[in-house]
Amino acid sequence: MIQFAWPWMIVVLPLPWLVRRFLSPAEPARGAALRVPFLRELARPGEVIGGAPQRAPLLLALCAWLLIVAASARPQWFGDPVELPVSGRDVMVAVDLSQSMQEQDFQIQGRWVDRLTATKWVADDFIARREGDRIGLILFGEQADLQTPLTFDRATVLALLGEAQIGLAGRATAIGDAIGLAVKRLRANDEGSRVLILMTDGANTAGEVDPLQAAELAAREGLTIYTVGIGADEMVVRSLFGSRRVNPSADLDERTLQAIAEQTGGRYFRARNTEELQEIYRLLDELEPVERDPEVFRPVAALFYWPLAGALFFIALLTAVKLRERAI
């Protein structure tokens, strides 16, 4: 179905006639003239001589004006209504971008990658399956930044997560600020399930809000927090003096992450490798949705460029006719 977004633009349709009707015509150029009594005999068939306007330019100008007015009214095509499945779940994903996330202790298809790359690789599939959920994205380091507010547009969330880089938000880790920002963005919704998935590989070393105080606020607001501790327990480091085993997750504050999850009715997960990270997201898939009334969406396509292109075509023809008349 075609509708006009600005139908009131039709009122300008008689504007050329009004200009011609109420404004005085321009004074013709005065100069020497040669009177030719047999001028009408020299005219081509269909050509009007003696000051009367020719039909072709008038018709071309009229068509161009009609199409310009039609384009100005912004014609739009409304497609058939599409029912959007809505589960009622609001999921905010908070990802740590601190410097420690560059530790390469995860494997993807036999290749060692850093923790952020592994997180993106697994989270992409998780977000892509969130049909009916509103997804938001928070990236945090020394400060917490909202990348995308809650939205059904999963493609945008995936694109912005893919563009995230280690150190983008600073070198330290502000877990409390990330939770506080999530509470602020999720508190506006009083219906449905509100969930924060917090992924980090360290401890709270920056920010203005204590993580446990932020968790207490989240619990009062009805926000459930699922915390994920990222990083292997052991890895082999090779050097000139041989190989030695180290714990790359020594700085991970599991006690605080567990307390945050318990205080808000969530769970703490430990992701030591890619397989465990995938299993965590599979468990998160089972979060109980709360049904809402379905939302109806009608796709809209702009059509103004078609009449505009037609107007430009008639203007080009009119210009060609006028140039031809001058050349004769």
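In this section: the packing of aromatic side chains. The geometry of two aromatic rings is summed up by the distance between their centres and the angle between their planes. By the definition in use, this model includes five aromatic pairs. Taking the centre distance of 6.4 Å and the plane angle of 20° together, the rings of Tyr-226 and Phe-269 count as stacked. Here Phe-269 lies in strand 13 (residues 268–271) and Tyr-226 lies in strand 10 (residues 224–230), a separation of 43 residues in the sequence. Here Tyr-226 matches Phe-269 in class, with each residue buried.

An order of 1-2-15 is seen for the three strands of this open sheet, with the pairing classed as antiparallel. Of all the strands in the sheet, just strand 1 (2–4) and strand 15 (300–302) have a single pairing partner and so form its edges. Taking each pair of neighbouring strands and ignoring which way they run, the sheet shows an average axis angle of 35°.

A few words now on the sheet that holds strand 13. In space, the six strands of this open sheet follow the order 8-7-4-9-10-13, with mixed pairing throughout. Single-partner strands in this sheet number two, and they are strand 8 (144–151) and strand 13. Direction aside, the axes of adjacent strands within the sheet are offset by 15° on average. Where helix 6 (residues 175–186) meets the sheet, its contacts fall on strand 4 (89–96), strand 7 (134–140), strand 8, strand 9 (193–200) and strand 10, and the angle it forms with strand 8 comes to roughly 30°. The strands that helix 9 (residues 274–284) touches are strand 9, strand 10 and strand 13; relative to strand 13, the one it contacts most, it runs at about 155°.

Scoring rules and cut-offs
Residues numbered from 1 in each chain as written. Predicted model: local features only at pLDDT ≥ 70, side-chain atom pairs only at ≥ 80, totals over all residues. Heavy atoms only, no water. Phe/Tyr/Trp six-rings, centres within 6.5 Å; stacked < 30°, edge-to-face > 60°. Helix = DSSP H or I, 4+ residues; strand = E, 2+ residues; numbered from the N terminus. Buried < 20%, exposed > 50% of the residue type's maximum accessible area, 1.4 Å probe, protein only. Pairing = 2+ DSSP bridges. Axes fitted to C-alpha atoms, helices over the stretch in contact; angles between N-to-C directions. Contact = heavy atoms within 4.5 Å.

None of the figures reported here should be taken as evidence of function without further support.
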